[in-house]
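One-letter residues, chain by chain:
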Amino acid sequence: MKKNDLGSLFRNSKVLVVGDLILDRFITGSVRRISPEAPVPVVEVAEEKSALGGAANVANNIKALGGTAVLVGIVGDDSFGKEFVSEAKKAGLETGGIIPGRGRTTIVKTRVMAHHQQVVRVDREKTGAVPAALQAKMRSLIEKKIAGVKALVVSDYAKGTFSREMLKWIGDKTREKKIPYIVDPKPANFPYPGATIVTPNRGEAQGFLNKPVPSGDILPFAKELLSKTDWKAVLLTLGDEGMALYERGSSKIEKIPARVREVYDVTGAGDTVVAVMSLALGAGLSFRESALLANSAASVVVGKIGTATCSIEELKRSL
Ligand SMILES: Nc1ncnc2c1ncn2[C@@H]1O[C@H](COP(=O)(O)OP(=O)(O)OP(=O)(O)O)[C@@H](O)[C@H]1O
Ligand SMILES: [Mg+2]
C-alpha cells in the first residue's frame, strides 16, 4: 500500500457508526472568590462550548480522514439533544440516523474549567434500557442506512444503547451484507457475536475473561478470547505499549509498538483506532495493514490536547 493512495482509498468511503451518543460541554471562566454559600469557588463564565463525544467522536475521526460517517444512535428529546444534532451537522456528519427518544435524556458531560484546571465535572446520564419501540426504530434506521456502506462500527460506551438482541441482530446483518464489523467494546456486552474485529483496551479485555492481560506473552490470552467468541480477530490496545493483533487460527500474535512521541492527552485514542480500522478494512486492507495505520493515527491524536482527530495528511506524515 502506498501512502499517496491512502487519501483516495478513504475518500468518500462511507462507514455506519452505531453507538452511545454523548455531548461533551466545556464551561470556561475564572475564579476570583469563594462562594458565600458553601466552601466552593465561584466560576465567572467567559465561554461555553460543546463537542461531540462517544460514538460521535468516532464519526468525527472518520470524517477527518476523508471518509463519510453516518451516525445512528439515540439522544434525548431535550435541548441538549437538539444541540447535539446541530453540532453533528456542523461537523459534516450524516445526522438522519440520530433519534430523539421520547422521554429520554441526552447524555451530557460538563467540565467546568478555570485557569486551565478542571474545577468540577457534572454528568447527566439517566441511562437505562432502550424501550422496544425505540429499538425497533433504531433497527429500521440501521437497515436503511447500511446500504452502500463499506463497514459498520459499534461504539459501545455501555450507556444503554445496546441490548444483546440488538448486538446479535447487527452481527447477523453485517454478515449478510458481507461488510467488516468493528467493535469498540465494554465488558457488559461481551461477546459481540458476528464481529469481524474487536478492539478492547487492557481493562476491557480483563473484563471479558475475568483475568488480567498478561504483561508477557499475550498469545494464550488472545487465543482463549477467540475460543469464547466467533470474532475473526482481536486488536488489544495497550496504551503506551501500542497494540497486539491476533487473527483466528494464527500461531503468533503481532505486537505493534506505540510510536514514541510527546504525549499530551490520550482521551479518544481508542475512537481513532476504530475509525481507522473501519476505513482501512472497508477499503480491503488486511488486519495487519489496518492496525499499523490505526497505531500511527492514534499516536497523532495522543500528541494533541483534548479529544482530537487525525487528518489524512497527518496520518500520511506519521507513517
Ligand atoms: N502514551 C501513549 N503513547 C503512544 N501511543 C499511545 C499512548 N497511549 C495510547 N496510544 C495509542 O493509542 C491506542 C489506543 O490507546 P488505549 O489503549 O489507551 O485505548 P483506550 O483505553 O480505548 O482509549 P480511550 O481513552 O480512547 O478509550 C494505543 O494502542 C496506542 O496506539
Ligand atoms: Mg476505549
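Thresholds, definitions, all that
- Residues numbered from 1 in each chain as written.
- Chains lettered and ligands numbered in written order.
- Predicted model: local features only at pLDDT ≥ 70, side-chain atom pairs only at ≥ 80, totals over all residues.
- Helix = DSSP H or I, 4+ residues; strand = E, 2+ residues; numbered from the N terminus.
- Rg over C-alpha atoms; globule rule 2.2 N^0.38 Å.
- Buried ≥ 20, exposed ≤ 12 C-beta atoms within 10 Å, placed from the backbone.
- Contact = placed C-beta atoms within 7 Å.
- Pairing = 2+ DSSP bridges.
- Axes fitted to C-alpha atoms, helices over the stretch in contact; angles between N-to-C directions.
- Near = placed C-beta within 6 Å.
- Nonpolar A, V, L, I, M, F, W, Y, C, P; charged D, E, K, R; others polar.
- Arc of directions from axis to C-beta.
- Left-handed = near helix turned anticlockwise from the far one by under 90°.

1. So, the overall build of the protein
Secondary structure assignment for the protein yields 10 helices and 13 strands. The C-alpha radius of gyration computed for the protein amounts to 20 Å, which stays within 12% of the reference 20 Å derived for 319 residues, consistent with globular compactness. For the protein, the C-alpha atoms occupy an extent of roughly 65 × 45 × 40 Å along the three principal directions. Within the protein, the fraction of its 319 residues that count as buried is 42%. Considering only intrachain contacts with a sequence separation of at least 6, the fraction spanning at least 24 residues in the protein is 69%.

2. Quick notes on the sheet that holds strand β3 (residues 41-54)
If you trace the 4 strands from one edge of the open sheet to the other, you get β3-β2-β6-β7, paired in mixed fashion. For this open sheet the edge positions go to β3 and β7 (117-124), each flanked by a neighbour on one side alone. Sheet twist, expressed as the mean angle between neighbouring strand axes with direction ignored, is 20°. Inspection of the sheet shows strand β6 (residues 107-114) paired to β7 by 7 bridges, in the antiparallel sense. Looking across to β7, one finds that V108 is bridged to R124.

3. Side note on the site of ligand 1
Taken together, 21 residues form the shell around ligand 1, and within it N201, T237, A269, G270 and A298 come nearest. Looking at the shell around ligand 1 residue by residue, the classes come out as 9 nonpolar, 9 polar and 3 charged.

4. A word on helix α7 (residues 219-227)
Residue pairs spaced three or four apart in an α-helix point in one direction, given the helix's 3.6 residues per turn. Of the residues making up α7, those classed as buried are F221, A222 and L225. Angular distribution of buried residues about the axis of α7 spans 95°; they occupy a single face of the element. Opposite its buried face, α7 presents the exposed residues P220 and S227, each directed more than 90 degrees away. At its buried positions, α7 is contacted by α6 (202-209), β11 (233-237) and β12 (243-247).

5. Side note on the packing of helix α8 (residues 269-282) against helix α9 (residues 287-302)
Their axes nearest at 8 Å, the elements α8 and α9 cross at an angle of 145°. Regarding α8 and α9, the two cross each other, and that crossing is right-handed. Contacts between α8 and α9 pair A269, T272, V273, V276, M277, A280 and L281 from the former with E289, S290, L293, A294, A297, A298, V301 and V302 from the latter. Of the residues in the contact of α8 with α9, the class split is 12 nonpolar, 2 polar and 1 charged.

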